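Report on the structure
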Amino acid sequence: MSFADNLARVFVVITFLTYGEAQIIGGIVPNLIAFGLFLGSIGYFAITGKMAEMFGLKKKT
């Protein structure tokens, strides 16, 4: 391997370490927030709707 190959590999590693963090913050965190809201909405409707009546959490009127 030549010096240019090694320099290119170092450049790729440095670039990945620099901009790879932005992908984690911009990709994983919003997806986790959306997933949490999705699960929360399922839980809300499960507790307040027909499913709550099925499991005896809410009395039928």
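What this report covers is the structure whose coordinates are included nearby.

Reading the values: the criteria
- Residues numbered from 1 in each chain as written.
- Predicted model: local features only at pLDDT ≥ 70, side-chain atom pairs only at ≥ 80, totals over all residues.
- Heavy atoms only, no water.
- Helix = DSSP H or I, 4+ residues; strand = E, 2+ residues; numbered from the N terminus.
- Buried < 20%, exposed > 50% of the residue type's maximum accessible area, 1.4 Å probe, protein only.
- Areas by Shrake-Rupley, 256 points an atom, 1.4 Å probe, with all protein chains shown as cover.
- Patch = residues over 30% accessible without salt bridge, like charges linked within 9 Å, V, L, I, M, F, W, Y side chains within 5 Å.
- Salt bridge = Lys/Arg side-chain N within 4 Å of Asp/Glu carboxyl O.
- Phe/Tyr/Trp six-rings, centres within 6.5 Å; stacked < 30°, edge-to-face > 60°.

Looking only at helices and strands, the protein has 2 helices and 0 strands in total. Sorting the 61 residues of the protein into buried and exposed places 5% on the buried side. As presented, the protein carries roughly 5600 Å² of accessible surface, and 75% of it is formed by carbon and sulfur atoms.

The next point concerns a nonpolar patch on the surface. A cluster of nonpolar side chains, Ile47, Met51, Met54, Phe55 and Leu57, forms an exposed patch at the surface whose accessible area comes to about 610 Å². With a relative accessible area of 55%, Ile47 lands in the exposed category.

Scanning the entire structure with this criterion turns up 1 aromatic pair. Residues Tyr44 and Phe45 carry aromatic rings whose centres are separated by 5.1 Å and whose planes lie at 70° to one another, so their mutual orientation is edge-to-face.

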